[in-house]
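Fold and contact review
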Amino acid sequence: MIYYSLNKKSTSTEFPEAVVRGIAPDRGLYFPEKIHRLPSSFFENIENMSIPEIAFNVIEPFVKGSIPEKELRNIIEETLDFDFPVVPITDQIATLELFQGPTLAFKDVGARFMARCLGYFNKKNNAQKVTVLVATSGDTGGAVANGFLGVPGIEVVILYPKGKVSKVQEQQLTTLGENITALEVNGVFDDCQDMVKTAFLDESITNNKQLTSANSINVARWLPQMFYYFIAYRTLKKQNKSLVFSVPSGNFGNICAGLMAREIGLPIDHFVASTNINDVVPEYLQTGIYTPKKSSPTLSNAMDVGDPSNFIRILKIFENDFDLLKETLSGYCFTDADTREALKEIHEISGYVADPHGAVGYLGLKKHLKKHPDKYGIFLETAHPVKFLDTVEETLDLKVEIPDRLKETLSKTKNSISIKDYEDLKAFLLS
Ligand SMILES: *Cc1c(COP(=O)(O)O)cnc(C)c1O
């Protein structure tokens, strides 16, 4: 499969180079040249297929020619070795739990898939060491650190905003050691992201190091997120209803993968982009005008993004047709007060303990279903509530049980390097 840059100035390339580069030399995001459609027989038979078998069919055309079948099946088996339960909340709403992986957030799937692809390319080519440079607003860091831990030939450097990620998140990205380094930045997420972007453009660094990103701009992190929607469909198909997915969105990688899943044939009626007050996309859907802003901190901090990278891919999927886009995608934003109310409401009606991101997803879904009472809605639970322990316990007045896989992480010693500006980052990368 050939990938081209959405800025259309760089030359097109195959999947491995798109993964190693992360972003094209002209700063554009990579996009697949062809989008295949799965045959109707695939959907007729989907409930009889295993999750890895479904995933293989979904992703194989996107990596064709770059990863042999046996290797790809291995990568998928290892990536998806945990559960993806669909939990009913009301008779019209369910949640898809994406947090059963090692770092309790949905980003585990993309990070693990990408790490294994890079590991495979590296082994095959005996290539130069690759440095994965990533800015995180919370969950990316932990998932990437965990996914890449111990992968030979790969160095991981993670920038995170000091005091802006939860205790659990910080522990997950600062305690692993080995090939993982955490840099604590005196600033907000956008500062971290700007520094990473600057480093990718800085020839004094890129002449010395092969840098790549592990944010959802990377095709190997973005595309495997399509699996979630197929997994939910497999469970919900028998309901025989129009399905709506509400996706708590920040950088819009996850929802953009959902829209790709629909492009390759998955019968999804509608998507809702649910955001916190960082509402650039809901505002765009209202007005047709896209205005990036500085991000504001919220309770759902993994969505505190003021200029979502994947928005450009969404426009591409709809060939910039605003009316067509609005038929398939709605967007709503919610405050922290709304989020707390939603946590309480979900708990009251079903006993379910959501996290602040899932709660935002629930709110967006409810808004859409109010106008479309005949549809069935799924909101994605993108993180385990324990990752936002203080907010959840305080709002619901209960204790969240800490999963065993987290207890060990919480007991480890934090190890990070403080930096304040780009010069510090550069000095670190060149040291
Ligand atoms: C990253 C993240 C999101 C936002 O996902 P995007 O793909 O960036 O839109 C939502 N919830 C949680 C818990 C996350 O970690």
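The rules behind each value
- Residues numbered from 1 in each chain as written.
- Predicted model: local features only at pLDDT ≥ 70, side-chain atom pairs only at ≥ 80, totals over all residues.
- Heavy atoms only, no water.
- 1 Å grid on protein atoms, 1.4 Å probe; cavity = no way out; pocket = protein on both sides within 12 Å on 5 of 7 lines; lining within 4 Å.
- Points joined across faces, edges and corners; volume = space filled by probe spheres on them.
- Nonpolar A, V, L, I, M, F, W, Y, C, P; charged D, E, K, R; others polar.
- Helix = DSSP H or I, 4+ residues; strand = E, 2+ residues; numbered from the N terminus.
- Buried < 20%, exposed > 50% of the residue type's maximum accessible area, 1.4 Å probe, protein only.
- Contact = heavy atoms within 4.5 Å.
- Near = heavy atom within 4 Å.
- Polar contact = N/O pair within 3.5 Å; in protein donor to acceptor, adjacent residues only side chain to side chain.
- Sits in = over half its atoms within 2 Å of the grid points.
- Salt bridge = Lys/Arg side-chain N within 4 Å of Asp/Glu carboxyl O.
- Pairing = 2+ DSSP bridges.
- Axes fitted to C-alpha atoms, helices over the stretch in contact; angles between N-to-C directions.

**As for empty space enclosed by the protein**
Per the stated rule, a full pass over the model turns up one cavity of 30 Å³ or more. Space inside the largest cavity adds up to approximately 250 Å³. For the largest cavity, the lining is made up of 24 residues, of which Phe 106, Lys 107, Gly 250, Asn 251 and Ala 302 are closest to its centre. Its residues placed into classes, the lining of the largest cavity shows eight nonpolar, 13 polar and three charged.

**With respect to the environment of Leu 406**
If you trace the backbone, Leu 406 turns up in helix α19 (residues 404-411). For Leu 406, a relative accessible area of 0% gives the class buried. In contact with Leu 406, not counting residues within four places along its chain, are Leu 104, Val 168, Gln 172 and Val 386.

**Examining the site of the ligand**
Neighbouring the ligand are 15 residues, the closest being Lys 107, Asp 139, Gly 250, Asn 251 and Thr 382. Between Gly 250 and the ligand, the recorded distance is 2.8 Å, taken from a backbone N or O atom to an oxygen atom. One nitrogen or oxygen atom from the side chain of Thr 382 is found 2.8 Å from a nitrogen atom belonging to the ligand. Mapping the ligand onto the cavity grids shows that it belongs to the largest cavity. A per-class count over the shell around the ligand returns six nonpolar, seven polar and two charged.

**As for the environment of Phe 15**
On the secondary structure map, Phe 15 appears in helix α1 (residues 15-21). Residue classification places Phe 15 among the buried positions, given a relative accessible area of 1%. Along the primary structure Phe 15 and Ile 2 are separated by 13 residues, whereas in three dimensions their C-alpha atoms are 6.6 Å apart. Not counting residues up to four positions away in its chain, the partners in contact with Phe 15 are Met 1, Tyr 3, Phe 62, Val 63, Ser 66, Ile 67, Cys 117, Phe 121, Val 219 and Ala 220.

**Looking at the pattern of salt bridges**
Following the criterion strictly, the structure yields 22 salt bridges and no others. Of the charged contacts, one joins Glu 394 and Arg 340 as a salt bridge, the two residues approaching to 3.2 Å between their closest N and O atoms. Taken together, the residues span a long stretch of sequence, with Glu 394 in helix α18 (residues 389-396) and Arg 340 in helix α16 (residues 336-350) at a distance of 54 residues. What makes Glu 394 exposed here is its relative accessible area of 55%.

**Quick word on unusual backbone geometry**
Residue Glu 178 is not a glycine yet carries a positive backbone phi of 50°. Within the secondary structure, Glu 178 is located in the loop between α7 (167-174) and β8 (180-185). Look at Glu 319: it is not a glycine, yet its phi comes out positive at around 45°. Structurally, Glu 319 can be placed in the loop between α14 (311-317) and α15 (322-328).

**Digging into the sheet that holds strand β6 (residues 130-135)**
Strands sit in the order β9-β6-β7-β8-β14 across an open sheet of five strands; the sheet is parallel. With one partner strand each, in any of the chains shown, β9 (210-212) and β14 (416-419) form the two edges of the open sheet. Along the sheet, successive strands turn relative to each other by an average axial angle of 25°, direction set aside. Two strands pair when backbone bridges link them, and strand β7 (residues 154-161) and β8 are joined in this way by six bridges, in the parallel orientation. Of the residues in β8, the one forming a bridge with Val 157 is Thr 181.

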